[in-house]
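These are the residues of each chain, in order.
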Amino acid sequence: MGLRAPGWLLLLVPLAALIGAYLLVQRRRGRYAVRFTNLDLLDKVAPKRPGWRRHVPAGAFCAMLALLVLGFARPTAEVQVPRERATIVVAFDTSGSMEATDVEPTRFEAAQRAALTFIDRLPERFNTGLVSFSGSATVAVPPTTDRAVLRSAVEQLTTGQGTAIGEAVIAARDAIRALDQQAETEPPPAHIVLLSDGSNTVGRSVESAAAEAAADRIPVSTIAYGTADGVVDLGDGRLLQVPVDGPALENLASGTGGDYHEAATGEELQAVYEDIGSSVGHRTEEREIWQWFVAAGLGTALIAAATSLLWFSRLP
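Predicted model, so just to flag it, every value in this text is computed and none were measured. (Residues numbered from 1 in each chain as written. Predicted model: local features only at pLDDT ≥ 70, side-chain atom pairs only at ≥ 80, totals over all residues. Heavy atoms only, no water.)

Enquirer: Help me understand the pairing of strand S5 (residues 137-144), please; the structure alone is not making it clear to me.
Expert: Every other side chain in a regular strand lies on the same face of the sheet, so the side chains alternate between the two faces. One ladder, built from five bridges, connects strand S4 (residues 127-133) with S5; its direction is antiparallel. By the bridge assignment, Val-131 is partnered in S5 with Val-139. Two successive antiparallel strands, S4 and S5, enclose a turn made up of three residues. (Pairing = 2+ DSSP bridges. Helix = DSSP H or I, 4+ residues; strand = E, 2+ residues; numbered from the N terminus.)

Enquirer: Even after reading the chapter, I still don't get helix H7 (residues 206-215), so can you show me in this structure?
Expert: Every α-helix winds through 3.6 residues per turn, so residues three or four apart in the chain are directed the same way. Among the residues of H7, those classed as buried are Val-206, Ala-209, Ala-210 and Ala-213. One side of H7 holds all its buried residues, which, seen down the axis, span an arc of 100°. Turned more than 90 degrees from where H7 packs its buried face, Glu-207 and Ala-215 sit exposed. (Buried < 20%, exposed > 50% of the residue type's maximum accessible area, 1.4 Å probe, protein only. Arc of directions from axis to C-beta.)

Enquirer: Would you mind showing me how to read the sheet that holds S4 here?
Expert: Consider a sheet: its strands pair through backbone hydrogen bonds, and that pairing is either parallel or antiparallel. Pairing is mixed across the open sheet formed by six strands, whose spatial order is S5-S4-S3-S6-S7-S10. Both outer strands of the open sheet, S5 and strand S10 (260-263), are each paired with one neighbouring strand and no more. The sheet shows a mean angle of 15° between the axes of neighbouring strands, taken without regard to direction. Contacts between helix H5 (residues 147-155) and the sheet are confined to S4 and S5, with S4 contributing the most and set at about 15° to the helix. (Axes fitted to C-alpha atoms, helices over the stretch in contact; angles between N-to-C directions. Contact = heavy atoms within 4.5 Å.)

Enquirer: I tried to follow the pairing of strand S6 (residues 190-196) on my own but got confused; where do I start?
Expert: Burial within S6 is extensive, with seven of its seven residues counted as buried. Covered by surrounding structure in S6 are Ala-190, Ile-192, Leu-194 and Ser-196 together with His-191, Val-193 and Leu-195, the residues of both alternating faces. Pairing of strand S3 (residues 87-93) with S6, which is carried by six bridges, proceeds in the parallel orientation. Residue Ile-88 lies in a different strand from S6, and its bridge partner there is His-191. The sheet contact formed by S6 and strand S7 (residues 220-225) spans five bridges and is parallel. Bridging from a neighbouring strand, Leu-194 pairs with Thr-222 of S7. Taking the sense of rotation as the criterion, the β-α-β connection linking S6, H7 and S7 turns out right-handed. (Right-handed = clockwise from strand over helix to strand, strands pointing away.)

Enquirer: Sorry if this is basic, but what is going on with the environment of Ala-168 here?
Expert: Within the secondary structure layout, Ala-168 lies in helix H6 (residues 165-177). For the pair Ala-168 and Ser-134, spaced 34 residues apart in the sequence, the C-alpha separation amounts to 8.8 Å. Excluding residues that lie within four positions of it along the chain, Ala-168 makes contacts with Ala-91, Val-131, Phe-133, Ala-137 and Leu-194.

Enquirer: What am I meant to see in the nonpolar core here?
Expert: A general tendency of soluble globular proteins is for nonpolar side chains to be buried together. One finds Phe-92, Leu-130, Ile-223, Tyr-225, Leu-269 and Tyr-273 to be the most contacted residues of the largest nonpolar core, which totals 31 residues. Secondary-structure elements contributing two or more residues to this core are S3, helix H4 (107-121), H5, S6, S7 and helix H9 (266-280). With eight residues, H4 is the largest single contributor of residues to this core. One finds Val-89, Phe-133, Ala-190 and Leu-252 within the second-largest nonpolar core, a separate group that totals 23 residues. (Core = buried A, V, L, I, M, F, W, Y, C linked by side-chain atoms within 4.5 Å.)

Enquirer: Would you mind going over the packing of aromatic side chains with me for this structure?
Expert: Each aromatic ring pair is characterised by the separation of its centres together with the angle its planes make. A full pass over the atoms with the stated rule returns two aromatic pairs. Pairing Trp-8 with Phe-72 gives two aromatic rings, centres 5.0 Å apart and planes at 50°, and the pair type is tilted. Within this pair, whereas Trp-8 is found in the loop between strand S1 (2-3) and helix H1 (12-31), its partner Phe-72 is found in helix H3 (residues 56-72), the two being separated by 64 residues in sequence. A ring pair is formed by Phe-92 and Phe-108, whose centres lie 5.8 Å apart and whose planes are at 85°; its orientation type is edge-to-face. Placement of the pair is Phe-92 in strand S3 and Phe-108 in helix H4, with a sequence separation of 16 residues. Comparing Phe-92 with Phe-108, the two get one shared label, buried. (Phe/Tyr/Trp six-rings, centres within 6.5 Å; stacked < 30°, edge-to-face > 60°.)

Enquirer: Explain H3 here, please?
Expert: If you check H3, its first and last C-alpha atoms are 24 Å apart, about what 17 residues at 1.5 Å a residue would give, namely 24 Å. Among the residues of H3, Pro-57, Ala-60, Cys-62, Met-64, Val-69 and Gly-71 are the ones counted as buried. Positioned one or two residues after H3, Arg-74 has a phi angle of 55°, which is positive. (Expected span 1.5 Å × (residues − 1).)

Enquirer: Hey, could you run me through a nonpolar patch on the surface in this one?
Expert: A cluster of nonpolar side chains, contributed by Trp-8, Leu-11 and Phe-72, occupies part of the molecular surface with about 300 Å² of accessible area. In this structure Phe-72 comes out as partly exposed when scored by relative accessible area, which is 42%. (Patch = residues over 30% accessible without salt bridge, like charges linked within 9 Å, V, L, I, M, F, W, Y side chains within 5 Å. Areas by Shrake-Rupley, 256 points an atom, 1.4 Å probe, with all protein chains shown as cover. Salt bridge = Lys/Arg side-chain N within 4 Å of Asp/Glu carboxyl O.)

Enquirer: Any chance you could explain the side chain of His-261 here in plain terms?
Expert: The residue His-261 is located in strand S10 in this model. Residue contacts for His-261: discarding those within four places in its chain leaves Thr-222, Ile-223, Ala-224, Val-272, Asp-275 and Ile-276.

Here it is, written out as C-alpha cells:
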C-alpha cells in the first residue's frame, strides 16, 4: 500500500499527544482514590464504576480520527484489472518427439489435457488462438472467444516431423495482427505461450522470430516440457533419445520479455499454464482506497456515539 499525500500523516502527532494526555489523566485518577473504612457508605457515595466501558467511546473517537487522517493521505493499493481485447495465442508443439513416454501417458496427451484446462479457465472475453507446429506452423484457430472451437481443435491435433519454433512465433504474431480492424493501428495486449520439447530444426531461426515479436512488443513465454530421459519408440526395437532443449526456449523468452518455464510432469505443466494465465490476463493498477478509510472512520464515530449514549447518556 502507498500514500499519495503522506503529509497529512503529520496530523497523527497531535492525535498521539491527545492519547497520551488521556492516559495521563486516567493514571492520576487512580492516585487520588479515596479510602473508606465503611464499605456500606462507599457503595452509596461512590457506586461501582463502569470499568473498561468508560474507555470505549474515547478509544473509538481516537480510532475515528486516525482513520480519517489516513483517508486524507490518499492511500493506494495495487489491484488486478482485466485487460480489454486481451489476446493469447497458444503455440503447441506437435513434433514426433512429443510422443515420448517420459510423461504419462505421453508428452503429447498430457500437454493436450493441460492446454484444454488452460483454455477453459481463461476469462470468457479473452481472445484465444491456437497455432500447431512441427515441420511447419499452422494457425489452427485464429484468436476467438469460442471455447468450443478451441477445444475441438486441441483434441484433433496430431503429431508430425520436425520442429519449426521460429515459424510458430511468426504465425502467432500474424494471427494477433489480424485480430480486428484496430489491430494494425492499435495492437491488442497480447501474449504468445509456446510449448515445446525440442530444438528448432526447420524454418526461420528462433533469433529472427524473437526479434520480430519483440519489435511488436509481443512477449513469448515458453515452456520446456519433458525430461532429459525422454525416448521415442521408432519400431523394430529402435529407440530415439529426445531430451528437452531448454536453452533455446529460454533465449526466446528472454529476447521477447516473456517468461521461461520448465515442466516435467502433467501437474507441473498445468501449474505453469495457470501462472501464465493469471499474469497475462490482467494488468496491475494502483488505485486510491481512501473511501474505505473514511467509511471505517465514520463507522467508529457511530460506535463512539452509540456507546457513550447507551452507557453514560451523553455524547463523547
